[in-house]
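Structural description and commentary
So you can see what is in the structure, the chains are spelled out below.
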Amino acid sequence: MIDLPGVLADVGRGMIPARIYNDAEIFALERDRLFSSAWIFLAHESEIPSPGDYVVRRVLADSFIVVRDENGTVRALFNMCLHKGMAVCRAEMGNASHFRCPYHAWTYRNDGRLAGVPFHAEAYGGDDGFAREDQSLLPAPAIDTYNGLIFVSLNADPPALREWLGDFCYYLDFYTRQSPAGVQLRGPQRWRIKANWKIGAENFAGDSYHTPHTHASVVDIGLSREPKANKRKEGALYMAGPGSGTTCKLPPGGSFLEQLRYVGYPDEMIVTMAATWSKDQAGLVEESGFMVSAATLFPNLSFVHNWPVIDAAGTVAPFISVRQWQPVSENETEVLSWFAVDAGASEHFKRQSYRAYLMCFGSSGMFEQDDVENWVSITEMAAGSMARRLLLNSRMGLTSEDKPVKPPMAGFSGPGVAYQGFGEFNQRHWLSQWSEHLGARDEATSL
Amino acid sequence: MKPLPYSDELHQAAHQFLVEEAALLDAGDYLGWLGLLCEDIKYVMPVRVTTARGAGFDSLPDMGHFDEDMYSLLKRVQRLLTEHAWAEDPPSRTRHFVSNVRTFAFSETELYVESALLLFRSRGDTREADLVCAGRTDLLRLTTEGMRLARREIKVDESVLRTQNLAAFL
Ligand code: FES
Ligand SMILES: [Fe+2]
């Protein structure tokens with residue numbers, strides 16, 4: 001048996017028991033105490049634009065049909081037939097007015113309501129034996145959206161999504177609301193890696209420290225300027241609500257226009273951004289001089305924004321990726337990686353941004369390749385008995401008295417707390433939320 | 001269109017081209033491999049998806065694992081040749097199996113070639129090896145320097161890849 005209070009106490013002082021990155025008991029706790037209650041991302045509205053459009057997505061072992069019904073309402077329906085439990089939808093995407101179960105042909109409307117039961121009169125004696133009214137595929141206990149991002153919670157009474165996102169919305173908008181048209185997601189690429197799901201989430205939350213070394217090769221080949229050590233160590237790390245992220249320091253003194261030109265946005269998009277973002281949001285770029293880079297929204301949704309050189313002529317094009325670390329087991333994760341782009345951008349920009357994304361992130365991305373190699377290795381190392389004796393030092397940025405080595409930034413435009421330079425504040429922030437969930441005994445799951 | 005008979009010299013040359021290409025990749029001779037590509041190379045690998053039989057599509061129209069031209073392939077190769085490409089250091093042991101080759105005469109100077117590819121990739125000493133299975137449709141161009149690859153579409157047979165990354169060429 002794992003000594004959970006001991007593990008959480010160690011995590012609380014920034015000394016992370018190595019075993020949490022590959023441990024079946026911890027994984028069971030994560031399932032029962034974290035994924036059973038947190039808001040979990042499933043899909044984006046742009047993936048299902050028309051009535052009947054659906055994608056099938058999971059929260060751990062639970063499969064949901066995320067569908068836009070005939071009235072345009074987005075629903076997340078548990079993909080298990082009410083009769084004997086067959087998956088009513090076995091495709092991963094498509095368009096359907098109805099879902100018919102392959103086993104005995106119970107048929108459901110795309111809002112989940114049961115529409116047809118074969119031989120209803122003969123087999124059940126009609127409504128007397130089985131009343132079809134009010135029968136529906138089980139909806140996710142809670143569903144809500146922000147900027148088109150669809151989240152569900154397996155807890156029927158979660159905090160309101162917007163309230164829970166809190167100050168992280170300020171940062172989320174840089175990735176998902178560059179114009180009133182909103183963001184459009186393409187993909188995802190999906191692949192499975194032999195790594196614990198927490199490692200990627202923590203990495204995107206705040207690990208600017210790995211960038212100069214892990215991603216040295218992309219600087220070597222002239223693909224990207226930003227992993228360079230000096231760029232990263234001047235970047236700001238921020239924590240806001242359930243999220244946190246990294247930023248890159250922009251060249252000094254640039255105007256809003258100049259800074260966004262530097263990262264490759266065309267003028268017409270910059271004008272729209274200026275009109276869409278609040279004055280405070282624009283201030284992150286102009287007054288504070290930072291551009292958002294990687295971020296994680298607890299627990300397993302991450303974002304990245306980068307701006308590589310995409311052709312021999314030296315064209316710089318920015319891209320955004322939204323990605324999810326979908327746990328499969330304590331030592332396996334399915335990565336879902338979407339290319340995200342402002343829906344209002346020109347086709348030319350979308351094309352360039354897409355190329356930038358493919359070169360850097362996703363299944364073949366030159367950044368992502370080296371990240372995953374590290375994470376698989378950590379997971380492998382964490383499996384054995386020696387790992388149970390090892391506490392990993394995640395105290396970067398703290399003195400022996402638990403004081404920050406440097407004070408938080410004063411006058412940072414964004415909400416939350418920000419530190420300039422390297423530090424593991426964000427990873428600890430992520431882990432403290434993780435600890436809160438694991439430490440809370442959920443009555444409903446009666447462990 | 002009917003495939004060329006196996007006895008056709010063009011078919012044999014195309015088949016040999018694919019086998020030689022695989023040999024370069026398995027030997028890690030990526031610069032040699034780039035030499036087999038036309039300057040205007042298009043190298044794409046759409047994301048495959050599981051859809052109902054009647055859906056009319058089984059890959060994403062606007063998302064791939066690769067969508068490359070000479071610049072991006074050159075960058076990928078240059079990266080693998082740096083001292084910092086950890087994803088392939090130590091290198092994977094790979095074997096590209098090429099089979100089911102069918103050659104179609106397209107024009108005087110171009111051939112369409114379909115092939116099946118099975119990539120075996122072993123990393124480290126004890127990890128389970130990865131397999132990537134795909135069908136490929138190539139456009140081979142007959143140039144004064146010999147045969148060159150002008151287009152490649154890789155139709156991967158899995159929706160969810162079971163390899164940790166595509167730090168390999170298919
Ligand atoms: S299990 Fe679905 S109709 Fe019987
Ligand atoms: Fe990274």
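Report on the accompanying structure. This is a predicted model, so every value here is computed, not measured.

Across its full length, chain A carries 15 helices and 20 strands. When the backbone C-alpha atoms are referred to their principal axes, chain A occupies close to 75 × 55 × 35 Å. When burial is assessed residue by residue, chain A has 61% of its 447 residues classed as buried. Counted over contacts in chain A with a minimum sequence separation of 6, partners at least 24 positions apart contribute 66%.

What follows covers the sheet that holds strand β4 (residues 62-68) of chain A. Residue and element names in this part refer to chain A. Read from one edge of the open sheet, four strands run β5-β4-β3-β6, paired in antiparallel fashion. Strands with a single pairing partner mark the edges of an open sheet, and in this sheet they are β5 (74-78) and β6 (93-95). Ignoring strand direction, the axes of neighbouring strands in this sheet form an average angle of 30°. In terms of strand pairing, strand β3 (residues 53-59) meets β6 through three bridges, oriented antiparallel. Paired with tyrosine 54 across the two strands is glycine 94, which belongs to β6.

The next thing to look at is the environment of leucine 185 of chain A. Tracing the sequence through the fold places leucine 185 of chain A in strand β12 (residues 183-193). Ignoring any residue separated from it by four or fewer positions in sequence, one finds leucine 185 of chain A in contact with Phe41, His44, Ser46, Glu47, Val322, Trp338, Phe339 and Ala340 of chain A.

Our next topic: the layout of surface pockets. Approximately 570 Å³ is the volume found for the largest pocket. Tyr21, Ile199, Asp207, Ile378 and Leu392 of chain A are the residues nearest the centre of the largest pocket, which is lined by 22 residues in total. Broken down by secondary-structure element, the contributors of at least two residues to the lining of the largest pocket are α6 (197-206), α7 (211-214), α14 (366-381) and β19 (391-393) of chain A. For the lining of the largest pocket, the leading source of residues is α14 of chain A, giving four residues. Here the residues of the lining of the largest pocket are counted per class, giving 11 nonpolar, eight polar and three charged. Taken as a whole, the second largest pocket holds about 460 Å³ of empty space. Surrounding the second largest pocket, 21 residues form its lining, Ile193 and Lys194 of chain A together with Arg127, Glu128 and Asp130 of chain B being those nearest its centre.

All names here are of chain A. Examined against the element boundaries, glycine 72 turns out to sit in the loop between β4 and β5. Given the relative accessible area of 28%, glycine 72 is considered partly exposed. The spacing of glycine 72 and arginine 428 is 356 residues in sequence and 40 Å in space, taken between C-alpha atoms.

What follows concerns the nonpolar core. Leu260, Tyr265, Phe303 and Trp434 of chain A together with Tyr43, Phe169 and Leu170 of chain B are the most contacted members of the largest nonpolar core, which totals 161 residues. A domain-level breakdown of this core finds at least three residues from each of domain 1 (41-145) and domain 2 (165-438) of chain A. Counting residues in hydrophobic clusters, the runner-up holds 18 residues, among them Val56, Cys89, Phe130 and Leu137 of chain A.

Residue and element names in this part refer to chain A. Residues Glu258, Asp280, Glu286 and Glu287 make up a contiguous surface patch of negative charge. If you trace the backbone, glutamate 286 turns up in helix α12 (residues 279-286). Overall, glutamate 286 belongs to the partly exposed group, its relative accessible area being 36%.

The next thing to look at is a nonpolar patch on the surface. A cluster of nonpolar side chains, namely Phe97, Leu118, Phe120 and Leu131 of chain B, defines an oily patch on the protein surface of about 360 Å² accessible area. Within the secondary structure, phenylalanine 97 of chain B sits in strand β3 (residues 93-105).

Next up on the list: empty space enclosed by the protein. Using the criterion set out here, one finds four cavities of 30 Å³ or more in the structure. Contributing to the lining of the largest cavity are 19 residues, with His210, Thr211, Arg232, Ser293 and Ala294 of chain A lying nearest its centre. Elements with a contribution of two residues or more to the lining of the largest cavity: α6, β15 (290-297), β16 (301-306) and α14 of chain A. No other element matches the three residues that α6 of chain A contributes to the lining of the largest cavity. Each residue belonging to the lining of the largest cavity can be placed in one class, and the counts come to six nonpolar, nine polar and four charged. Taken together, Leu25, Tyr30, Glu88, Ser92, Thr94, His96, Arg121, Ala167, Ala168 and Phe169 of chain B form the lining of the second largest cavity. The class makeup of the residues in the lining of the second largest cavity is five nonpolar, three polar and two charged.

Calculation criteria
Residues numbered from 1 in each chain as written. Chains lettered and ligands numbered in written order. Predicted model: local features only at pLDDT ≥ 70, side-chain atom pairs only at ≥ 80, totals over all residues. Heavy atoms only, no water. Helix = DSSP H or I, 4+ residues; strand = E, 2+ residues; numbered from the N terminus. Buried < 20%, exposed > 50% of the residue type's maximum accessible area, 1.4 Å probe, protein only. Contact = heavy atoms within 4.5 Å. Pairing = 2+ DSSP bridges. Axes fitted to C-alpha atoms, helices over the stretch in contact; angles between N-to-C directions. 1 Å grid on protein atoms, 1.4 Å probe; cavity = no way out; pocket = protein on both sides within 12 Å on 5 of 7 lines; lining within 4 Å. Points joined across faces, edges and corners; volume = space filled by probe spheres on them. Nonpolar A, V, L, I, M, F, W, Y, C, P; charged D, E, K, R; others polar. Core = buried A, V, L, I, M, F, W, Y, C linked by side-chain atoms within 4.5 Å. Domains from an automatic or database assignment. Patch = residues over 30% accessible without salt bridge, like charges linked within 9 Å, V, L, I, M, F, W, Y side chains within 5 Å. Areas by Shrake-Rupley, 256 points an atom, 1.4 Å probe, with all protein chains shown as cover. Salt bridge = Lys/Arg side-chain N within 4 Å of Asp/Glu carboxyl O. Lys, Arg positive; Asp, Glu negative; His and termini not counted. Charge placed at Lys NZ, Arg CZ, Asp CG, Glu CD.

None of this, on its own, says anything about what the molecule does.
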